[in-house]
Amino acid sequence: MEQVLATALAEAIDNCQQMGLFRVKTPQKIVVQPPTDSKLKSPGDLSTNIALVLASQAKQPPRQIAQAIVDNLHLDDGLIDKVELAGPGFINFYVHQGWWYQTLLTIEAQKAQYGTLDMGRGEQVQVEFVSANPTGPLHIGHGRGAVVGDVLANILQKAGYDVQREYYINDAGNQMSMLGRSTLARYRQLLDHPVSFPENGYQGEYIKDIARQLVDTAGNSLLDKPEAEAIVQCTQFAKNQILGGIKADLKRFGVRFDQWFSEQSLYQQKLVEQNLEFLEHAGHIEKREGALWLKSSALGDDKDRVVKRSNGEPTYLASDIAYHQHKYQRGFKKIIDIWGADHHGYVDRLKAAVSALGQDPQSLNVLLVQLVSLVREGVPVAMSTRQGEFITLIEVLDEVGVDAARFFFLTRRCDSQLELDLELAKKQSAENPVFYVQYAYARICSVIRQAQQDGIALPTARDVDLKLLKHTDEIELIKKLVEFPALLRGSVLALEPHRLTFYVLELASRFHKYYHRQRVITEQEQETAARLVLVDSIKIVLKIVLDLLGISAPEQM
RNA sequence: GCGCCUGUAGCUCAGCUGGAUAGAGCAACGGACUUCUAAUCCGUAGGUCGUAGGUUCGAAUCCUACCAGGCGUACCA
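Residues numbered from 1 in each chain as written. Chains lettered and ligands numbered in written order. Predicted model: local features only at pLDDT ≥ 70, side-chain atom pairs only at ≥ 80, totals over all residues. Heavy atoms only, no water.

1. Section: helix α4 (residues 97-110)
- Within α4 the residues assigned to the buried category are W100, Y101, T103, L104, I107 and E108. In a view along the axis of α4, the buried residues occupy a sector of 135°, so they form one face of it.
- The inward-facing, buried residues of α4 contact β4 (90-95), α17 (472-494) and α19 (525-549).
- Backbone geometry just downstream of α4 places K111 in the positive-phi region, at approximately 50°. (Buried < 20%, exposed > 50% of the residue type's maximum accessible area, 1.4 Å probe, protein only. Helix = DSSP H or I, 4+ residues; strand = E, 2+ residues; numbered from the N terminus. Arc of directions from axis to C-beta. Contact = heavy atoms within 4.5 Å.)

Listed below in structure tokens is the structure:
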């Protein structure tokens, strides 16, 4: 419909030019869209601002141009009921009601496939997210990243991309050895052979739990081993325990990965070394002060960055270079990394590295998810894994449930900080917006059940007279359903999964409104049939969105 | 110091690829269950869109400066 109108408008503008009404360059594109302010008392169904856009070029008042365009506009019969000018020069089109009804047929035919797009054309996309170091359990901030990544992957898939979900395990480097040393210290304490706890070690209680398990499986056998060997064994043991816990937590949270990619494997395959050599040959690396530096300042970064320290150890950036090259070599055309916002200083250097590797930095999308700050009973809770003071994801899931937690994390944009008061979240659990949406779904199921009890089978759209859906509430609901594919498209383009939660809230709200004003099952058979078709379409779309969000759709509440 | 994010109703936030009278939820107040689920709905009230300039026919949206909060700014990850 938008396309039809845009074409007709373009012809009308040509006509005006030929008649000498105004002179402009033929516009590249003509935007026809639903009016942005839906609260208008008498909204046009579609609207264009083209006259306003052309006004300055034509040096004429926008309303005059709009009038000229409308006068020369030729549309097929039956599409548009009325065309009118509004405000400073908008042209509003009142779409013939019958057109909206088509959507109900479409939804019924496509069912769960409604809204599926072909934007990606099967292009391979990778979403890498969570990627928390296996040095401690997932906390609430990781939970937010997990949901954002998971839902983003879902919508990319629905938009026609071939999506892979990946978790990068930082199982190399200093942090891991610190984990091993912390575990060994706790282990020795348990066996009455205490040593001083490593400086900057991991002090969380969970390390003690791991040490206890290590005692259970290995007894006191580590006491006699050389320290280096004992540390390696502790590191392995602790890493496996923690990673197992992370995997279990994510599974419970409904977050699934296709691949768990180990940083260590990059070293084992000598990929880190090879990529550094490649960059050196390409002239992107230089030796200074005993260290190797990536000349990233030439590629958009603030300064050059060390990739290999003067003691010969590669930095985190070195393995990340190898990792990202590996991603490209696996065939991904678009790479999305989801990081905590505290890593934002890292974006420019990674993009610089990607350019140095000969890849297009535009293909790397880094999404920064602002951290979740926690408040418990009004007192801010610091979230430092080192200090061991943090609220784990699992604790929050125990308190508010998976559905509510997932929904909550998507109730604001990624780049907006999220303050979560745990006491408040608990209190709100009974009135959490997620229940509002689920309730709408359950209500529809209930209506359909009731109809079946009354001996009314769910009708098919083409067998009913859809024109009976003539109330404003009904048309508004259909328009909301029509909007879904465009909404999905916008979410994908902007990489903004939160738009789905806002959409589904609006859809649920319109349904609840309708439910109160009109009965679905009435005395009139034809009307009931038409309304059941409408309500079933809403049910289908609610389910599609809830599935994308990873939230359950209960048939009864 | 420099960089990134944020600042919209009492509170929590949408709206930000420029468009019409800036929206929603919560809280407040007043209403609605002989009716398909009241976890719902209807109504009232609530605003210098952080401040000041600029661009534009038009700015919450774009640009500049400033203010406030958060986060970065390692041969840590």
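2. A few points about unusual backbone geometry
- Despite not being glycine, R121 shows a phi value in the positive range, around 50°.
- By the secondary structure assignment, R121 is in the loop between α4 and β5 (124-128).
- On the basis of relative accessible area, R121 is assigned to the exposed category, the value being 69%.
- Phi at K270 is positive, roughly 60°, even though this residue is not glycine.
- Note on placement: K270 falls in the loop between α9 (263-268) and α10 (271-281).
- For K270, a relative accessible area of 52% corresponds to the exposed category.

3. Notes on the protein's contact with RNA strand B
- Inspection of the region around RNA strand B gives 55 residues, with F90, R309, Y439, S446 and R519 positioned closest.
- Across the atoms of RNA strand B situated within 4 Å of the protein, the share located in sugar and phosphate is 65%.
- With respect to RNA strand B, the side chain of K303 contributes an N or O atom lying 2.8 Å from a phosphate oxygen.
- Within the backbone of Y515, one N or O atom sits 2.8 Å away from a base nitrogen of RNA strand B.
- Secondary-structure elements contributing two or more residues to the surface near RNA strand B are α2 (50-58), β4, α16 (433-453) and α18 (498-517).
- Considering each element in turn, the surface near RNA strand B owes the most residues, 8 residues, to α16. (Near = heavy atom within 4 Å. Polar contact = N/O pair within 3.5 Å; in protein donor to acceptor, adjacent residues only side chain to side chain.)

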